[in-house]
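Close look at the chain arrangement
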Amino acid sequence: MDFIAGETLYFDKPLDWTSFDLVNRFRHRLSRKLNVRKIKVGHAGTLDPKATGVMILCTGKATRRIDEFQSQTKEYVATLKLGETTPSFDLEREVDRTYPVDHITCGMVRETLTQFTGEIRQVPPAFSACKINGKRAYELARKGREASLKARTLVIDEIELLTCALPVIQIRVVCSKGTYIRALARDIGIALHSGAHLTALQRTRIGDVTLDRCLPADRMDDFLRDIIINTIEDETV
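We now turn to the structure provided with this report. (Residues numbered from 1 in each chain as written. Predicted model: local features only at pLDDT ≥ 70, side-chain atom pairs only at ≥ 80, totals over all residues. Heavy atoms only, no water.)

1. Side note on the nonpolar core
Applicable threshold: Side-chain atoms within 4.5 Å are what join buried Ala, Val, Leu, Ile, Met, Phe, Trp, Tyr and Cys residues into a set we call a nonpolar core. Any residue under 20% of the maximum accessible area for its type is buried, any over 50% is exposed, and the rest in between are partly exposed; the area is computed with a 1.4 Å probe on protein chains only. In this analysis, two residues are considered to be in contact whenever any of their non-hydrogen atoms come within 4.5 Å of each other.
Phe26 and Ile171 are the most contacted members of the largest nonpolar core, which totals 45 residues. In this structure, Phe26 is in contact with Phe3, Leu9, Phe11, Val41, Leu57, Thr59, Met220 and Leu224, ignoring residues within four places of it in sequence. Core analysis: the second largest hydrophobic core is formed by ten residues, Ala44, Val54, Ile56 and Phe69 among them.

Pasting the structure below:
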């Protein structure tokens, strides 16, 4: 593999790592293995710290393909807890409000999910990377300042109820670029006349790159060692 010329790699991002953590750790280890000071590495599609799953990393000239990967359809499996909200719509922040759930049935959940297929409008979360006057929304939100974000049009191709053990449900979502699953959880809670937040989120696919094709982050060093050794052996043959 020629990382300097450009390669595309698939990783399973661990829980509590930021997307930049994964990029920076890979770049640092790759630079040391190749004994170079700088190498270009970027990712195609941010994942929140509380999310895991498919992340595509590109090196060298392959970073030109980032926009291509970002525009591809994505699939997620999300676990929602109904009846509670957090400011971040996930577990990054503590529960701030509770709501009734006794009126909710699994049939009601299933029917409500149908409202979220096709083209929909969605307001991004305040805790997001969207920019407001040059500042990231999450920077303002973490300082306790209000972030006013405009609704965006996006497409949800599929939404499926996988499990329903109220007040916890698990859904599978196939959606377009720009979809915030945390915001979807918020909106599902509102549609159920309650509240909701994510307790787990896993991206299972970007385009045709599925989770089973991804390298666990804890195997990063072994992967690079094996690649470098194989490259050296090939050059000496």
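2. So, the side chain of Arg182
Defined as follows: Under the scheme used here, helices are H or I runs from DSSP no shorter than 4 residues and strands are E runs no shorter than 2 residues, and both carry numbers assigned from the N terminus. Polar contacts, as counted here, are pairs of nitrogen or oxygen atoms within 3.5 Å of one another; within protein the pair requires one atom able to donate a hydrogen and one able to accept it, and residues that are adjacent in sequence qualify only if both atoms are side-chain atoms.
As for its position among the elements, Arg182 is in helix H5 (residues 181-191). A polar atom in the side chain of Arg182 sits 2.9 Å from the backbone oxygen of Ser88.

3. Quick look at unusual backbone geometry
Look at the link from Leu166 to Pro167: it is a cis peptide, with omega at 15°. In this structure, Asp16 takes a positive phi of about 75° despite not being glycine. Inspection of the secondary structure assignment puts Asp16 in the loop between strand S1 (8-13) and helix H1 (19-34). Exposure remark for Asp16: the relative accessible area of 44% places this residue in the partly exposed category. The phi angle at His193 is positive, at roughly 55°, despite the residue not being glycine. Assignment of secondary structure puts His193 in the loop between H5 and strand S12 (196-206). Classification of His193 by relative accessible area gives exposed; the value is 62%.

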